[in-house]
Amino acid sequence: MNLVKKTTADPSASLRDDNQRGAWGGTGSVSTAPQFVQGMGLFSATAIVMGSMIGSGIFIVSADMSRGLGSPALLIAAWLVTAAMTMIGALSYGELAAMMPKAGGQYVYLREALGPLWGFLYGWTLFLVIQTGTIAAVGVAFGKFLGVFVPSVNAQNWIWHIGHVPAWHVGPMVLGNMDIGLNTANLSAIVVITLLTLLNTLGVKMGAAVQNVFTSAKVLALAAVVLVGVLAKNSAAVAANFGVGWHNFWAGAGWHTMHAVQVGVGGPTAYVELFTMLAVVQVGSLFSSDAWNNVTFTAGEIRNPKRNLPLSLAIGTGVVLLLYVLCNFVYLSVLPMVGDPAATTIAGRGIQFAAEDRVATAVMEQAFAGYGSKLMAAAILVSTFGCVNGMLLAGARVYYAMSQDGLFFKSVGKLSERSKTPVNSLWVQWAWTCLLCLSGSYGQLLDYVIFAVLVFYILTIAGLFVLRRTRPDAIRPYKAFGYPVLPAAYIVMAVWICAVLLRYKPQYTWPGLIIVLLGIPVYLVWKRQAVVEAI
């Protein structure tokens, strides 16, 4: 395989089609290999943004956030911080996406701005954990909620139980503590992942059609949850969470109020101020709002990408984040925030101690006793199905771009003659994701990488500044809104969150850094192999 060389003297090289060479530049020879089909318009691109963002997190994470914050105002504030950061990130990525509408998206941006090592480390972490781990986790969540309708589908119903990996305490972290084998819940996940992988091998139009249908359904489901909050307000919950003149809403949200945080797993309790606590709980809300960048991975298959990519990022993230904030107001309108874990009623447990943290399910059951939980389970099944499809479709394009650069298996960098999709990349992604499902490790892996995800967002937005300086003449159909102030503000906020997590939540940070750094020797091996093949 010929090595791809980055050309800095010719900014117009950025316009060459990386469906042929996988990068800005190349040999200039015309390839007869299959090309991507630009089969997705603005609606489909927006559906990927929204469908990848909305999984199961919004229905769950507010319980854990509430336990840490203890204040309705701070719960909403945390989601507003997430909304602000995500919107700034999306608007900043819009410039990069319009400037480099290439398959691989964020991988390409990091490679071109900071060098191939940084692009590879992102792609490596994406394949190893971020994309595949999320797909596995969301797939198993599908299986768990399917159990509401089919009781035999659950994580305790083992078909083949290989064994249990005991807990291994390493400083403030706990590794292991997971069951390996096949149960009916992860079998359901594997079936869904297999079905959707197969559908995506038939062509991007098929994958996009599935995404359009299920994203539309899940957005309607979220809107329905918001409507429930309007129609089924609980006067006791409203009084407890808001009170007269919203006095209770602001309780515990003072600038000098101290909040308890446990350092690491089983570590000492520290008392921190407002901004530190808001940073700590971002683990939940940021992760629930993640994957908005997946649409950039599919840029080579979007019609008029210089217009539709920035628009899809802005519209998709804006709608989802608005629904997320409204959903949390709904939770506060139906259930009291403060609860008792020993209570026997839904209202008594409150948001903080909703059964298995399923806040949305508790809200629906409170509003529609007897069948509310099934309504919510059905909505989450639709949501998780669409999320898995969007992430499968998008992720495979990154590994394809890496292979084109000689940094992944050679066969992964080929498109199907018939469907014009990276079929081999889809199936390699499928194999690793299914292995994660069987290993039971996906939950811990996702805990480990939220820090790494933030680091790569910081680096990518920093790359925006780098490219403005190193390639000032490159064509930019859209320029980042609020540049340089808003992108710089994102970097400052994200760096602050990373610093807080390093200090108070090391179980979420150091393992993620280790996973990223393990990619360095792997990169050197791939690079050496590419050199050998080029000789």
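Residues numbered from 1 in each chain as written. Predicted model: local features only at pLDDT ≥ 70, side-chain atom pairs only at ≥ 80, totals over all residues. Heavy atoms only, no water.

Caption draft 1: Helix H17 (residues 423-439), seen in detail. With 17 residues, H17 should cover 24 Å at 1.5 Å per step; its first-to-last C-alpha distance of 25 Å lies within 8% of that length. Those residues of H17 lying buried are Val423, Ser425, Leu426, Gln429, Thr433, Cys434, Leu436, Cys437 and Ser439. Among the residues trailing H17, glycine 440 stands out with phi positive, at a value near 70 degrees. (Helix = DSSP H or I, 4+ residues; strand = E, 2+ residues; numbered from the N terminus. Expected span 1.5 Å × (residues − 1). Buried < 20%, exposed > 50% of the residue type's maximum accessible area, 1.4 Å probe, protein only.)

Caption draft 2: Summary view of the packing of helix H4 (residues 72-99) against helix H13 (residues 305-334). Orientation of H4 relative to H13, taken along the N-to-C sense of each, is 175 degrees, at an axis distance of 8 Å. Between H4 and H13, the crossing angle belongs to the class labelled roughly antiparallel. Split by residue class, the contact of H4 with H13 holds 21 nonpolar, five polar and one charged. (Axes fitted to C-alpha atoms, helices over the stretch in contact; angles between N-to-C directions. Parallel < 35°, antiparallel > 145°, perpendicular 65-115°, else oblique. Nonpolar A, V, L, I, M, F, W, Y, C, P; charged D, E, K, R; others polar.)

Caption draft 3: Structural detail: the pattern of salt bridges. Counted under the stated rule, the structure contains nine salt bridges. One salt bridge connects glutamate 95 with arginine 468, and the closest N-O pair in it is separated by 2.8 Å. With a gap of 373 residues between them, glutamate 95 in helix H4 and arginine 468 in helix H18 (residues 442-470) connect regions that are remote in the sequence. Here glutamate 95 falls in the buried class, since its relative accessible area comes to 1%. Aspartate 405 serves as the salt-bridge partner of arginine 111, at 2.4 Å between the closest nitrogen and oxygen. In this pair, arginine 111 is assigned in helix H5 (residues 106-114) and aspartate 405 in the loop between helix H16 (372-404) and H17, connecting sequence segments 294 residues apart. For the pair arginine 111 and aspartate 405, a shared accessibility class is recorded, and that class is buried. Through salt bridges with shared partners, a single ionic network connects Arg111, Glu112, Asp405 and Arg471. (Salt bridge = Lys/Arg side-chain N within 4 Å of Asp/Glu carboxyl O.)

Caption draft 4: Up close: the packing of aromatic side chains. Per the counting criterion, the structure on display carries 27 aromatic pairs. Arranged with centres 5.3 Å apart and planes meeting at 70 degrees, the rings of phenylalanine 127 and phenylalanine 408 form a pair that is edge-to-face. Note that phenylalanine 127 is positioned in helix H6 (residues 116-146) and phenylalanine 408 in the loop between H16 and H17, a separation of 281 residues in sequence. On the basis of relative accessible area, phenylalanine 127 is assigned to the buried category, the value being 12%. Centre to centre, the rings of tyrosine 399 and phenylalanine 408 are 6.0 Å apart; their planes meet at 35 degrees, and the pair counts as tilted. A relative accessible area of 10% means that phenylalanine 408 is categorised as buried. Joined through ring pairs, the aromatic side chains of Phe127, Tyr399, Phe408, Phe409, Trp432 and Trp526 make up one cluster. (Phe/Tyr/Trp six-rings, centres within 6.5 Å; stacked < 30°, edge-to-face > 60°.)

Caption draft 5: Seen up close, the packing of H18 against helix H19 (residues 485-504). With their axes 10 Å apart at the nearest point, H18 and H19 run at an angle of 155 degrees to one another. When the axis of H18 is compared with that of H19, the two are roughly antiparallel. You can see that H18 and H19 cross each other, and the crossing is left-handed. Of the residues in H19, those touching H18 at Phe451, Leu454, Val455, Tyr457, Ile458, Ile461, Ala462, Leu464 and Phe465 are Pro487, Ala488, Tyr490, Ile491, Ala494, Val495, Ile497, Cys498 and Leu502. (Left-handed = near helix turned anticlockwise from the far one by under 90°. Contact = heavy atoms within 4.5 Å.)

Caption draft 6: Looking closely at the pairing of strand E1 (residues 158-170). Of the pairings in the sheet, the one linking E1 to strand E2 (residues 173-183) comprises ten bridges and is antiparallel in character. Across the sheet, residue glycine 163 finds its bridge partner in E2, namely isoleucine 180. Connecting E1 to the antiparallel partner E2 that follows it, the hairpin turn spans two residues, and glycine 171 within it adopts a positive phi of roughly 60 degrees. (Pairing = 2+ DSSP bridges.)

Caption draft 7: Summary view of the pairing of strand E4 (residues 269-272). Along E4, the buried face is formed by Ala270 and Val272; none of Thr269 and Tyr271, which line the opposite face, is buried. Sheet analysis places strand E3 (residues 259-262) next to E4, joined by four bridges and oriented antiparallel. Each residue of the ladder has a partner; that of histidine 259, found in E4, is valine 272. The turn linking E3 back onto E4 is made up of six residues, and glycine 264 within it adopts a positive phi angle of 70 degrees.

Caption draft 8: The environment of arginine 528, seen in detail. Relative to the elements of secondary structure, arginine 528 occurs in helix H21 (residues 519-534). Exposure remark for arginine 528: the relative accessible area of 65% places this residue in the exposed category. As for arginine 528 and leucine 407, which are separated by 121 residues in sequence, their C-alpha atoms are 9.6 Å apart.

Caption draft 9: Representation of H5 in the model. The buried count for H5 comes to eight of nine residues, which makes it a mostly enclosed element. Of all the positions in H5, only Gln106, Tyr107, Val108, Tyr109, Leu110, Arg111, Glu112 and Ala113 are classed as buried. Where H5 is buried, its residues contact H4, H6, helix H12 (294-297), H16 and H18. Directly after H5, the chain includes glycine 115, whose backbone phi takes a positive value near 120 degrees.

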